[in-house]
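# Examining the three-dimensional arrangement
Listed below are the residues making up each chain.
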4 protein chains.
Amino acid sequence: MSIESSPSPVRLKAVAGPGQPDPTPELDQLYRGFERELLVPLWTEIGDLMPLQPKSKSSPHVWRWDRLKELAAQAGRIVPVGRGGERRAIALANPSLGGRPFATPTLWAAIQYLMPGEDAPEHRHTQHAFRFVVEGEGVWTVVNGDPVRMSRGDFLPQAGWNWHAHHNAATQPMAWIDGLDIPFSYYTESQFFEVGRERIEPRERTTPARSRSEQLWGHPGLRPVSQPDATSATPLLAYRWVDTDRALADQLDLEGEVAGATLSPGHAAVRYVNPTSGRDVLPTIRAEVHRVRAGGRTQRRRDVGSWVYQVFDGSGQVTLGDQRWEVRRGDLFVLPSWAPFQATADGAGHLDLFRFGDAPIFEALHAHRTDVVG
Amino acid sequence: MSIESSPSPVRLKAVAGPGQPDPTPELDQLYRGFERELLVPLWTEIGDLMPLQPKSKSSPHVWRWDRLKELAAQAGRIVPVGRGGERRAIALANPSLGGRPFATPTLWAAIQYLMPGEDAPEHRHTQHAFRFVVEGEGVWTVVNGDPVRMSRGDFLPQAGWNWHAHHNAATQPMAWIDGLDIPFSYYTESQFFEVGRERIEPRERTTPARSRSEQLWGHPGLRPVSQPDATSATPLLAYRWVDTDRALADQLDLEGEVAGATLSPGHAAVRYVNPTSGRDVLPTIRAEVHRVRAGGRTQRRRDVGSWVYQVFDGSGQVTLGDQRWEVRRGDLFVLPSWAPFQATADGAGHLDLFRFGDAPIFEALHAHRTDVVG
Amino acid sequence: MSIESSPSPVRLKAVAGPGQPDPTPELDQLYRGFERELLVPLWTEIGDLMPLQPKSKSSPHVWRWDRLKELAAQAGRIVPVGRGGERRAIALANPSLGGRPFATPTLWAAIQYLMPGEDAPEHRHTQHAFRFVVEGEGVWTVVNGDPVRMSRGDFLPQAGWNWHAHHNAATQPMAWIDGLDIPFSYYTESQFFEVGRERIEPRERTTPARSRSEQLWGHPGLRPVSQPDATSATPLLAYRWVDTDRALADQLDLEGEVAGATLSPGHAAVRYVNPTSGRDVLPTIRAEVHRVRAGGRTQRRRDVGSWVYQVFDGSGQVTLGDQRWEVRRGDLFVLPSWAPFQATADGAGHLDLFRFGDAPIFEALHAHRTDVVG
Amino acid sequence: MSIESSPSPVRLKAVAGPGQPDPTPELDQLYRGFERELLVPLWTEIGDLMPLQPKSKSSPHVWRWDRLKELAAQAGRIVPVGRGGERRAIALANPSLGGRPFATPTLWAAIQYLMPGEDAPEHRHTQHAFRFVVEGEGVWTVVNGDPVRMSRGDFLPQAGWNWHAHHNAATQPMAWIDGLDIPFSYYTESQFFEVGRERIEPRERTTPARSRSEQLWGHPGLRPVSQPDATSATPLLAYRWVDTDRALADQLDLEGEVAGATLSPGHAAVRYVNPTSGRDVLPTIRAEVHRVRAGGRTQRRRDVGSWVYQVFDGSGQVTLGDQRWEVRRGDLFVLPSWAPFQATADGAGHLDLFRFGDAPIFEALHAHRTDVVG
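Along each chain, numbering runs from 1 in the same order as the chain's sequence is written. In the order they appear in the text, chains get letters beginning with A and ligands get numbers beginning with 1. Totals for whole chains, interfaces and linings use every residue, but because this is a predicted model, local features are given only for residues with pLDDT of at least 70 and side-chain atom pairs only at 80 or more, for both listing and counting. Values shown for side chains rest on all heavy atoms present in the structure; no hydrogens or waters enter the calculation.

A run of DSSP states H or I qualifies as a helix once it reaches four residues; a run of E qualifies as a strand once it reaches two. Both are numbered from the N-terminal end. Looking only at helices and strands, chain A features seven helices and 23 strands. Taken along its principal axes, the extent of the C-alpha atoms in chain A is 75 × 55 × 45 Å. Each residue gets one of three labels from its accessible area relative to the maximum for its type: buried under 20%, exposed over 50%, partly exposed in between, using a 1.4 Å probe on protein chains only. Going through the 374 residues of chain A one by one, you find that 65% of them count as buried. Whether two residues are in contact is decided by their heavy atoms, any of which lying within 4.5 Å being enough. For chain A, the proportion of contacts with a sequence separation of at least 24, taken over those separated by at least 6, is 72%. Where accessible areas are quoted, they stem from the Shrake-Rupley method and a 1.4 Å probe; at the residue level, only the protein chains shown are allowed to cover. Carbon and sulfur atoms provide 49% of the accessible area of chain A, an area that totals close to 12,800 Å². The charge count includes Lys and Arg as positive and Asp and Glu as negative, but it does not include His or the ends of the chains. Charged side chains are reduced to one point each, which is NZ for Lys, CZ for Arg, CG for Asp and CD for Glu. Charged side chains in chain A number 41 positive and 45 negative. The centres of these two groups are separated by 2 Å.

Below you can see the structure in the form of structure tokens.
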């Protein structure tokens, strides 16, 4: 490709404002030179590139679970699952990201749907992934030969470069959400992908209640001496709802007795962690469940980086930046970087919110900030 | 103090051997000069100071649980517990360490005994400690105001510089073992100690089944978002036998399916870890439980650093260096640095061994080595 | 904003290929539903989003130093430097990134130009930056009150959130290059910016040969005991050419004697590091100088992540992906992610290449890969 | 060995004091039982084992350089150097450590002496070592085949398990000091030792001004890209006086301009660090040089852990715990754990103190404390 003879992709024009040069013919000539040489000045772009604080290109938005499920079921009837398309996954497209299947600039969130008896073929990729199940059961994910049950409330991390396939062993379809760092690795151009076996073996089609990974790693404060030391992503493939629920209930129980047991009054939260390190469950993704007591409200808080939420239980109101939405079980919504967030639970029962975000990226690079607003 | 006029503690004499100077009057004069000036040559000492591999000053030895308990019960009748003596703890004195209460050069192991209704007063120290319960129940340890139940099979770490007291809420005496790094901090001269309140408050005398620490930290793969990041010692104050037992059983269950699930065939092992880091539960002490299948045998293995073992369940034979001993429930024994160890379970049932050692010290200093022998 | 009534940014159409659904009216209806609900399926996008290996959106390209300098000089005459525009910096715009001032998807590279007596006003930002000087001298950068001289061959890192201003104390204009992680923080939406004082104080206008940071931190293997422990970015503000040149010469001198002293025969390289940690000089940017012996050639190598190069000395040929270019002193070029690179020095003298890249991002996230090709 | 029939090494007797049991016949019988079973109670020992703060078993003491050198020269005439004795090294024996060659409970310090043309044979050991040269030159240490010059003011670390030999290439004897962690590894029983070749090769007898390690690693802020990442001990084998001196002078120069450039007014200090990590030069040993301006005085400070000092230049007074000594060039002295230290320089010139200590051990184990006294 010869750039010199192509029309340049650079188009410059003088802008008015503090610190800007006067729009003279000389300036115009200079800018034409910049265009020819594929150059862009800082002085016209600095406001966009280097804002006083993050100004997200993405918007807050809510997707309704019933609409998602209805469309997923429709896809279940007409879209096959197999090699090439790989998964019947349907991704949230942030309304301000140009129609791309990106929930936020760094995060992918999709509903995945599998019909009874269906298989999704084996592959592996460097993108980190997880599944979270808001309802249903019957699908097992086979990770490096280890079948992992998926049921309501379970969180199933899938660190990069592990082989995995899904199969629905039940007589009902099943839907769940997938979260990945696809947009991050897409922008930073760091992805690898490999297809696996066309079909998994019969012994991988068993449907044990606990995976081998849980047998090895699912005991609190205990590690198998036979296994390697700290790994960058978790070796535990399932975090069960029974544990999550109990941990949240315990925090609320302790509120009266132990200062700081909850994040703020009536607001409990647990983070899924890698048991080999106590750190985030995946190198690029933080995942948490938050519980707000019936009638309670969280602090208003903002972070560097974006979040995707799903209502796991209950209903209430959420404020995303300066917009307020009513939400209920299954609804998904996104929170852009540095936009304040607040949740209020309805009076009828507690509000449980699952969320995942890109905070580990910023923490690893010493670029994280967080703030209680107002 | 004037050293010059005191008799010097240094006493040198010529030794014969490779690389040694001839025993002449000049050498004698030189050695007298060394003594006067408080000097010692390397060439006479190098064999002792810098051996080809660790030659421990301590010996393997077995202490019988029934003898320990009997003496502890006798002490229960005539030795009071209170400020000054602090604890009714009776320590293993390695037969080769000159009568000092040191199980090994770095480790302290003691049986502690508390009569019904008794209190051991509050204090704190920089030495790291734990309790392990081979039988009985009824004592609660109050750590920074959090009462922690102690029952058979429980492991209760006590990181340095936390306030703690014990009280026996039952109608029976209770015995358990304490492990600490007292000899290590004694030799390296790094200890601090502080006495606490004379008596704990009524609300600290409650006897909950689970401590607050377990409510916050005792859920597998989950951390409370409200709590601080990685700490050098564990915030979890009790590791319950039900979890340990299940983890060991799971490893043995997996043996046929997953390569490397156990350390070697029939030999499962779990390590107690700090859930904030996945690392050893205490900065200077590693603690583990090993299970050998009925009739099974471990590999013969040696490590830099020493271990103290207690038989938790079953009976069998252990080889400590080149000595073999029959052991049964409650028996304690010590393994010196670099001495090979092997255990064989009797045919009647599995053999469960609790052990603790100083490996984290060597790992932190990049001085650890381990080896399968033969 | 009401998304429901806006035209959706999502536009889907059926594609042919393996694993794709048949283009039926039902599929069309499904896709219209996806558009309405702001959804995008994975199966149509997976080839672009999850390629087998990174397929960069950016292109290799070379910018010629004489053209850059000429345009910068022209800008020096008609574009003022001051608050608002902040810097007379002119950025490389990769021909395949849509006219944006991004050298690669993560990296910014610009020529900056300051006329005699000019000041660039003080500010700070979370973006990490550095300067590298291919020719000239006379400008001092004042970092938190410490004036730092800039001369040919010097590398001057500027970790995020440090106040800095520039002033040209000489009678000649001076040009240099700036490198930053602006595109990375722009995509990930993690930037903060703050304006500083309108003018620096007279004592900050002094022109010492060595900065205070060099007095504290510029001694090999020595750290000031008074200063804090490991910091995420380097406290050393200038890495002088005399040291870099000597280090490269030493490596080539050692080639005959020490196996592995160079990367490959005739190819020496040094990395600028943070003396408090030995790690990369900035959390998101790696910077190195490579020297290829006269007539020598590097291995052909590719990495995850992108690089920007500047020829510091000598001339030769570079292969960027599958394109070959002749380059000489001052020329800048970019290498996209996973594109192989090879350099050959002309016979007349060695070829010195300065380069910077985003590898620390991938290493921090455990996503780095590197490869010798062929 | 049958312990049961041997006289027990344990000897107990009742002591009076708070919390002690009454000296009754029953107590006597209990103690006899403890002795038989190799047990020692905590309550009689706690004051010694768990003091309120470290009470060192060692004493402060000063060794005079002229006496050391005179005895070393005498040894040079009558004690051969060769395999078996390995080194003509003469160690400081702390007056309170029972005549053992231990400067402190963890540290070894010795004067080593080599006659013209002599060789000290090759060996390696896990103990970490260094040399420091207070006067003279002419000896080269050959480390893994790399000859390293030794001259006044040079610090030469020798991480564990590297092969090393010495040869005196000059026509004069040479003396220097060796520092090692021999007592620490002796108490903790973690030592390995291996003898090397009987004689080094001719090419290892060259006498280059700079070692290969300096060519690779001796450039400030630069690391060779060809070399491995962070290593637990330094790859740089010589830290030259010219750099140390300049770094100290720079700190004192900065005092007026930069707050906190020195430790306290008139007191500069540098620490030798591993350039791959910025951390201590050896895993168990910290080494520093401190400079006190003529007539100046340091703060009075104490640390957990012990130090050995040598006066490198100047003269003055030092307070070790509560004893004061006059010291001058070459004098060595030891400071026990938690004993306060203060130095005062004579008016004639600055006082330069080299010191090494065991602080990295305590820092690695989170047991370090430091304190300015009064």
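Turning our eyes to something else, we now look at the confidence of the model for chain A. Summing up the model confidence of chain A, the mean pLDDT is 95 and the portion of residues at 70 or higher is 98%. What the predictor reports for the complex is a pTM of 0.96 with an ipTM of 0.96. On a range of 0 to 100, pLDDT expresses the predictor's confidence in each residue.

Before going further, it helps to examine the relation of the copies chain B and chain D. With an axial shift of 0.0 Å and an RMSD of 0.0 Å, the rotation relating chain B to chain D amounts to 180 degrees. Seen this way, the second copy is the image of the first under a two-fold rotation axis. Minimal C-alpha separation from the rotation axis in chain B is found for B:Ala364, amounting to 3.0 Å. Mapped onto chain D, 100% of the interface residues of chain B are again interface residues, and the two copies thus contact each other with one and the same surface. Least-squares superposition of the copies uses the C-alpha atoms of those residues scoring a pLDDT of at least 70 in each of them.

Bringing the packing of aromatic side chains into the picture now. Think of a pair of aromatic rings as described by two things: how far the centres are apart, and how the planes are tilted against each other in angle. In this scheme Phe, Tyr and Trp rings, the latter by its six-membered ring, pair at centre separations within 6.5 Å, and the angle between planes marks the pair as stacked below 30 degrees, edge-to-face above 60, and tilted otherwise. On inspection of all chains with the given rule, the structure shows 84 aromatic pairs over all chains. Arranged with centres 4.1 Å apart and planes meeting at 5 degrees, the rings of A:Phe155 and A:Tyr272 form a pair that is stacked. You can see A:Phe155 sitting in strand E9 (residues 155–158) and its partner A:Tyr272 sitting in strand E14 (residues 267–272), a full 117 residues away along the chain. Taking relative accessible area as the criterion, A:Tyr272 reaches 0% and is therefore assigned buried. Among the aromatic residues, those joined into a ring-pair cluster are A:Phe130, A:Phe132, A:Phe155, A:Tyr239, A:Trp241, A:Tyr272, A:Phe312, A:Phe354 and A:Phe356. Placement of a positive charge over a ring is assigned whenever Lys NZ or Arg CZ falls within 6 Å of the ring centre and within 35 degrees of the normal to the ring plane. B:Arg369 extends its terminal NZ or CZ atom over the ring of D:Phe192, reaching a point 3.9 Å from the ring centre. Above the face of the B:Trp161 ring, D:Arg369 is positioned so that its terminal group lies 4.5 Å from the ring centre.

Attention now goes to the interface of chain A and chain C. Size of an interface, as often reported, equals the accessible area lost when the parts are brought together. Tallying the contact residues gives 94 residues for chain A and 94 residues for chain C. Sorting the residues of chain A by area buried against chain C places A:Glu189, A:Phe192 and A:Leu365 first, and these three jointly supply 9% of that buried surface. Whenever a carboxyl oxygen of Asp or Glu lies within 4 Å of a side-chain nitrogen of Lys or Arg, that contact is scored as a salt bridge. Run the count over chain A and chain C and you get two salt bridges. With a closest N to O distance of 2.5 Å, C:Arg67 and A:Glu37 form a salt bridge. When two parts are put together, the accessible area they lose, computed with a 1.4 Å probe and summed over both, is reported as buried area.

The next point concerns the sheet that holds strand E3 (residues 89–92) of chain C. In any sheet, the strands associate via hydrogen bonds between backbone groups, in a parallel or an antiparallel arrangement. By the convention used here, strands pair only if DSSP detects at least 2 bridges between them. Within the open sheet, the six strands sit side by side as E1(A)-E3(C)-E4(C)-E11(C)-E6(C)-E9(C). Their pairing is antiparallel. In this open sheet, the two edge strands, each paired with only one partner strand, are strand E1 (39–41) of chain A together with strand E9 (155–158) of chain C. Going from strand to strand, the sheet's axes swing by 25 degrees on average, the running direction of each strand aside. Two elements, E1(A) and E3(C), share three bridges in a ladder whose sense is antiparallel. Within E3(C), the position partnered with A:Leu39 by the bridge is C:Leu92. An axis is simply a line fitted to the C-alpha atoms; with a helix, the fit covers only the stretch in contact. Between two such axes, the angle follows the N-to-C directions and lies from 0 to 180 degrees. Where helix H1 (residues 25–37) of chain A meets the sheet, its contacts fall on E1 of chain A together with E3 of chain C, and the angle it forms with E1(A) comes to roughly 135 degrees. Across the sheet, helix H3 (residues 65–78) of chain C lies against E1 of chain A together with E3, strand E4 (108–114) and strand E11 (174–180) of chain C, angled at about 50 degrees from E4(C), the strand it touches most.

For the structure on display, the rule yields 127 salt bridges over all chains. The partner of D:Arg286 in a salt bridge is D:Glu363, with the nearest N and O atoms 2.8 Å apart. One end of the pair, D:Arg286, is in strand E15 (residues 286–292); the other, D:Glu363, is in helix H7 (residues 359–364), and 77 residues separate them in sequence. Note on D:Arg286: relative accessible area 5%, which makes it buried. Here the salt bridges do not stand alone but share partners, grouping A:Glu122, A:Arg197, A:Glu201, A:Arg203 and A:Glu204 into one network.

This part is about the sheet that holds strand E8 (residues 146–151) of chain C. All names here are of chain C. Pairing within the open sheet is antiparallel, and its five strands lie in the order E8-E7-E10-E5-E12. Across the chains shown, the open sheet's two edge strands, defined by having one partner strand only, are E8 and strand E12 (193–195). Averaged over all pairs of adjacent strands, the angle between their axes in this sheet comes to 25 degrees, without regard to strand direction. Relative to E12, strand E5 (residues 119–125) is paired through three bridges, and the arrangement is antiparallel. Counted as the bridge partner of arginine 124 is glutamate 194 from E12.

Moving on to the interface of chain B and chain D. At the junction of the two partners, chain B supplies 94 residues and chain D supplies 94 residues. In terms of surface lost to chain D, no three residues of chain B exceed B:Glu189, B:Phe192 and B:Leu365, which account for 9% of the buried area on that side. We define a polar contact as two N or O atoms separated by no more than 3.5 Å, with the added condition that, inside protein, one atom must be a possible hydrogen donor and the other a possible acceptor, whereas residues neighbouring each other in sequence contribute only through side-chain atom pairs. There are 26 residue pairs in polar contact (both at pLDDT 80 or more) connecting chain B and chain D. For the side of chain B that touches chain D, the elements supplying multiple residues, two or more each, are helix H1 (25–36), strand E1 (39–41), helix H2 (46–49), strand E2 (61–63), helix H3 (65–78), strand E3 (89–92), helix H4 (182–188) and helix H7 (359–364) of chain B.

Turning our attention to the pairing of strand E4 (residues 108–114) of chain B. Residues and elements named next belong to chain B. With seven of seven residues buried, E4 lies mostly within the body of the structure. Taking every second residue as pointing to the same face, both faces of E4 are buried, with Trp108, Ala110, Gln112 and Leu114 on one and Ala109, Ile111 and Tyr113 on the other. Two elements, E4 and strand E11 (residues 174–180), share seven bridges in a ladder whose sense is antiparallel. Residue pairing in the sheet places tryptophan 108 in a bridge with leucine 180 of E11.

So, about the relation of the copies chain A and chain C. Relative to chain C, chain A is turned by 180 degrees and slid 0.0 Å along the rotation axis, the superposed coordinates differing by an RMSD of 0.0 Å. The residues that chain A uses at the interface reappear at the interface of chain C in 100% of cases, marking a shared surface.

All names here are of chain B. The residue glutamine 342 is located in strand E21 (residues 341–345) in this model. By relative accessible area, glutamine 342 is classed as buried at 17%. A distance of 2.9 Å separates a polar atom in the side chain of glutamine 342 from the backbone oxygen of threonine 298. If we skip the residues at most four places from it in the chain, glutamine 342 touches Arg297, Thr298, Gln299, Arg300, Gln317, Val318 and Thr319.

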